[in-house]
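Next come the chains, spelled out residue by residue.
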Amino acid sequence: GATGSFKLLRDLGDSVVYRDYDVERNETYRYYAVSYNAWRQASTPSDIATVTVTDVTPPGTPTIWGSVSGGQASVAWDHVDDFDLEGYNVYRGASPGGPYQRLTLGGPVHSSTYSAQLPGSGVTYYFVVKAVDQGGLEGFPSNEIALTSE
């Protein structure tokens, strides 16, 4: 049954569905239901349902471009407009389409540029960038660019 502090959110009438739109992300809410018969006699309260509101919408997808100079790859991308953007993870792979290894091991970068050494000479590397929100959700990978070491 229900214990603690609760407030009546809505009389659902004949409906069996309730959507609570007055919630905050990363907050936990508790709900229970009571049914009434035709004489307005209440049932025993249902078990308490605990719900934590999480972010399930990943940030948008950036478009990247890049260049090579002096053995150093410089990649840049357009800013993704997302209300809870944390930054960007940069990935590099040795084959088109991946697999990729994350270069930003210290966490997402907060700028829209990144530089990395390109090992070897005449070796092509493939880069993608993913936007990351404050909840840790990564967006879809950007377009892939190929940069060849000098």
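Residues numbered from 1 in each chain as written. Predicted model: local features only at pLDDT ≥ 70, side-chain atom pairs only at ≥ 80, totals over all residues. Heavy atoms only, no water.

Peer 1: What is the right way to look at the overall build of the protein in this model?
Peer 2: Scanning the protein for helices and strands turns up 0 helices and 9 strands. Ordered by position from N to C terminus, the α and β elements of the protein give β-β-β-β-β-β-β-β-β. A globule of 150 residues ought to have a C-alpha radius of gyration of about 15 Å, yet the protein, at 25 Å, is considerably larger. For the protein, the spread of C-alpha atoms along the principal axes amounts to about 85 × 25 × 20 Å. Within the span of the protein, comprising 150 residues, buried residues form 26% of the whole. Look at the contacts in the protein between residues 6 or more apart in sequence, and 59% of them connect residues 24 or more apart. For the protein, the exposed surface amounts to about 9,800 Å²; the carbon and sulfur share of it is 50%. (Helix = DSSP H or I, 4+ residues; strand = E, 2+ residues; numbered from the N terminus. Rg over C-alpha atoms; globule rule 2.2 N^0.38 Å. Buried < 20%, exposed > 50% of the residue type's maximum accessible area, 1.4 Å probe, protein only. Contact = heavy atoms within 4.5 Å. Areas by Shrake-Rupley, 256 points an atom, 1.4 Å probe, with all protein chains shown as cover.)

Peer 1: Help me understand the environment of valine 17, please; the structure alone is not making it clear to me.
Peer 2: Among the secondary structure elements, valine 17 is positioned in the segment before strand E1 (28-31). Placed 127 residues apart in sequence, valine 17 and glutamate 144 show a C-alpha to C-alpha distance of 44 Å.

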